[in-house]
Amino acid sequence: MLARAPHSLRAQVVRIRVAPPARFVHGHGEYHHLPFQFPGKKRLAFGIKLTAYLTAGFSIPFAAAKFQLNKSAA
């Protein structure tokens, strides 16, 4: 598309500069990919709690489906 465009349009496209992402501007020091502070020495407890939370949330639809199927069979 730009190969057939007039020279002035190509020159305008070349002049457009994209600002680099402002990752460290928010003032929290270094960048963290989690929205909370990861516990340093309590990794095992955190892993157990996270696994329990995700397992419970994932199993709720299956438990509800089983309940509804058992209810309709009765």
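Procedures and definitions
- Residues numbered from 1 in each chain as written.
- Predicted model: local features only at pLDDT ≥ 70, side-chain atom pairs only at ≥ 80, totals over all residues.
- Heavy atoms only, no water.
- Helix = DSSP H or I, 4+ residues; strand = E, 2+ residues; numbered from the N terminus.
- Buried < 20%, exposed > 50% of the residue type's maximum accessible area, 1.4 Å probe, protein only.
- Phe/Tyr/Trp six-rings, centres within 6.5 Å; stacked < 30°, edge-to-face > 60°.
- Patch = residues over 30% accessible without salt bridge, like charges linked within 9 Å, V, L, I, M, F, W, Y side chains within 5 Å.
- Areas by Shrake-Rupley, 256 points an atom, 1.4 Å probe, with all protein chains shown as cover.
- Salt bridge = Lys/Arg side-chain N within 4 Å of Asp/Glu carboxyl O.

1. Considering the overall build of the protein chain
Argument step 1. Of the regular secondary structure elements, the protein chain holds two helices and zero strands.
Argument step 2. The buried share of the protein chain, taken over its 74 residues, is 1%.

2. Here's the deal with the packing of aromatic side chains
Argument step 1. Evaluated as defined, the whole model comprises one aromatic pair.
Argument step 2. Seen in terms of ring centroids, Phe 58 and Phe 62 are 5.4 Å apart; in terms of plane orientation they differ by 50 degrees. Their pairing is tilted. Linking Phe 58 with Phe 62, this pair stays in helix α2 (residues 43–73), spanning four residues, or about one helical turn. Taken as a pair, Phe 58 and Phe 62 share a single burial class, namely exposed.

3. Overview of a nonpolar patch on the surface
Argument step 1. A contiguous nonpolar patch, built from Leu 34, Phe 36 and Phe 38 and spanning about 250 Å² of accessible area, is present on the exposed surface.
Argument step 2. Tracing the chain through its elements places Phe 36 in the loop between α1 (7–15) and α2.
Argument step 3. Phe 36 gets classed as partly exposed once you look at its relative accessible area, which sits at 43%.

By themselves, these figures tell us nothing about what the structure is for.
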